[in-house]
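This is what each chain is made of:
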Amino acid sequence: MDNKYREMLKIPAERLDAINSVLLDPNSKVMQGFFDVVAKYGTPEEINAKAREAGKYENLLKKVQEVKPEYVKDLEWLVEQRDSDAFVPIAEYRGKVLGDAAKSTKFKDESAVTIEVSALQYFPWVRPMAEQAIANKTLVPGRFIKVRKMKEQEEDGDLPAIAAAMQIFGASYVETLDTKGTDGSNPHLGGPETITGYFGGIGQPNEHALQWVDEFLYYYTNYGVKSVLNFNAGTILLGFLLYKMGVDFDFKISVFFGSDNPYHALWIMMAAKLFSRDDGTCALCGFNWSNSVNNETMELTAQFRKALGFENVVRFEHHITETYKSIILQPYNRRDELVEIADHVANISAKHEGGDPEIDSTLEHPSDILDYFRDKQEVIDSGDWEHMQRNFIEKVNAANKSAWALTEKGLSFVAAPNLHK
């Protein structure tokens, strides 16, 4: 096609001037509503200072001591194991996989895959995971997603305890705020079972977009929660605005947003670029693809992700396994595709939301996405607590299988950095 048609897509500067006029208009009610919510917590500088203080390990430990003092001994145990180098070092792990060949293998560290597990719902699951890793010389993942009611985990002490554990691990983690479709905000939804298969902008109607900002700022300033899930076009924009004005947080786009093609990703990343800071960073830290995407979609997106300066900023989060029930047709396992793409597309997170299907399918209680939305007491009363802990451990096992498969091909991974030296 003649180049003149390509040139027609260029955005004139005056179009950007029009956008700025809306964003900066002191009479704009939609923008003033956003500023009013932020002002409840102070200036961006004050907000960040509160978050840094709240997120310090010693202050998280104080909160744990106040709400659930019995968790302190487990946190102290984790520190002891970390400091005594109880966890398998990366070189030793590679030797387990490749034998002597590991010493001469040049691993592709520039495209290391982050090993990720979802969802880490309860703090009591943390120690069994660590004990297994020590005993079997396996890996603790480098990234965790949490999909649990925020108020519930604040009340029972799991919120500060897991935040403290993540600092011990050196792992990143993401919280899912309560302001979502399952909080009753959408009167047309009957509950979690009506949304798990239908993704895309369903969770924050009307005033709930600003309530998402309000809820995030509460947990940011009180617990130092820095990274949260985002799955609505409105709250994604609000997240970009919040970061651009100086609040030092980030978000990942959820699989529930339904990003399933490179043009969808281009739309989001163009917005991220518009609201990036002068240092090139933006609020978007993770882009969780729909389960339907293939490697070509990620390869195409990687091209303009790099052109926009986001290769090291925006992580591609890709489901390798999924919960066995209530979300996707099984069997589902994308490990072979991960190994194919990991040698040439950087900054991928391999997300494990279920055990390997051939194992998950045999369990008395296979992993189920609807378990994320259950009350803790109901889980205990039903007798499913041990079942769900087993589900979590099988997700960790699946993540380890992915790390093993990557290592076999001379590829790198990111496990919990403070544990696996």
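Before reading further, recall that the structure is shown in the block above.
Presented here is a report on the structure given in the accompanying data block.

Rules behind the numbers
Residues numbered from 1 in each chain as written. Predicted model: local features only at pLDDT ≥ 70, side-chain atom pairs only at ≥ 80, totals over all residues. Heavy atoms only, no water. Axes fitted to C-alpha atoms, helices over the stretch in contact; angles between N-to-C directions. Helix = DSSP H or I, 4+ residues; strand = E, 2+ residues; numbered from the N terminus. Left-handed = near helix turned anticlockwise from the far one by under 90°. Contact = heavy atoms within 4.5 Å. Nonpolar A, V, L, I, M, F, W, Y, C, P; charged D, E, K, R; others polar. Salt bridge = Lys/Arg side-chain N within 4 Å of Asp/Glu carboxyl O. Buried < 20%, exposed > 50% of the residue type's maximum accessible area, 1.4 Å probe, protein only. Arc of directions from axis to C-beta. Phe/Tyr/Trp six-rings, centres within 6.5 Å; stacked < 30°, edge-to-face > 60°.

**Section: the packing of helix α5 (residues 57–67) against helix α11 (residues 158–169)**
Direction vectors running N to C along α5 and α11 enclose 145°, while the axes themselves pass 8 Å from each other. Handedness of the α5/α11 crossing: left-handed. Facing α5, whose interface residues are Y57, L60, K63 and V64, α11 presents P160, A161, A163, A164, Q167 and I168. Split into classes, the residues belonging to the contact of α5 with α11 amount to eight nonpolar, one polar and one charged.

**A closer look at the pattern of salt bridges**
Taken as a whole and assessed by the stated rule, the structure comprises 30 salt bridges. Where K56 meets E53, a salt bridge forms, and the shortest distance between an N and an O atom there is 3.0 Å. K56 sits in the partly exposed class, given a relative accessible area of 36%. The structure contains a network of salt bridges with shared partners spanning E116, R143, K252, R315 and E317.

**A short note on helix α7 (residues 90–98)**
Every buried residue belonging to α7 is among I90, Y93, R94 and V97, and all of these are buried. One side of α7 holds all its buried residues, which, seen down the axis, span an arc of 100°. The elements touched by buried residues of α7 are α8 (101–104), β1 (108–118), α19 (385–408) and β9 (411–414). Note on α7: the residue one or two positions beyond its end, G99, has a positive phi of about 70°.

**So, unusual backbone geometry**
Residue A119 follows S118 across a cis peptide bond; omega there is 5°. If you trace the backbone, A119 turns up in the loop between β1 and α9 (126–136). Residue P331 follows Q330 across a cis peptide bond; omega there is 5°. For P331, the location among the structural elements is in the loop between β7 (315–321) and α16 (335–341). Although it is not a glycine, K137 adopts a positive phi angle of roughly 55°. Examined against the element boundaries, K137 turns out to sit in the loop between α9 and β2 (143–145).

**Observations concerning the packing of aromatic side chains**
In the structure shown here, the tally under the stated rule is 17 aromatic pairs. Centroid distance Y122 to W125: 5.1 Å. Interplanar angle 75°. Geometry classified as edge-to-face. W125 carries the same exposure label as Y122, and that label is buried. Judged by centre distance (5.4 Å) and plane angle (50°), the rings of F240 and F251 are tilted. With F240 in helix α13 (residues 233–244) and F251 in strand β5 (residues 250–253), this pair connects stretches of sequence that are eleven residues apart. Taken together, the ring pairs in this structure connect F216, Y220, F240, F249 and F251 into an aromatic cluster.

Purely geometric stuff here, so don't read any function into it on its own.
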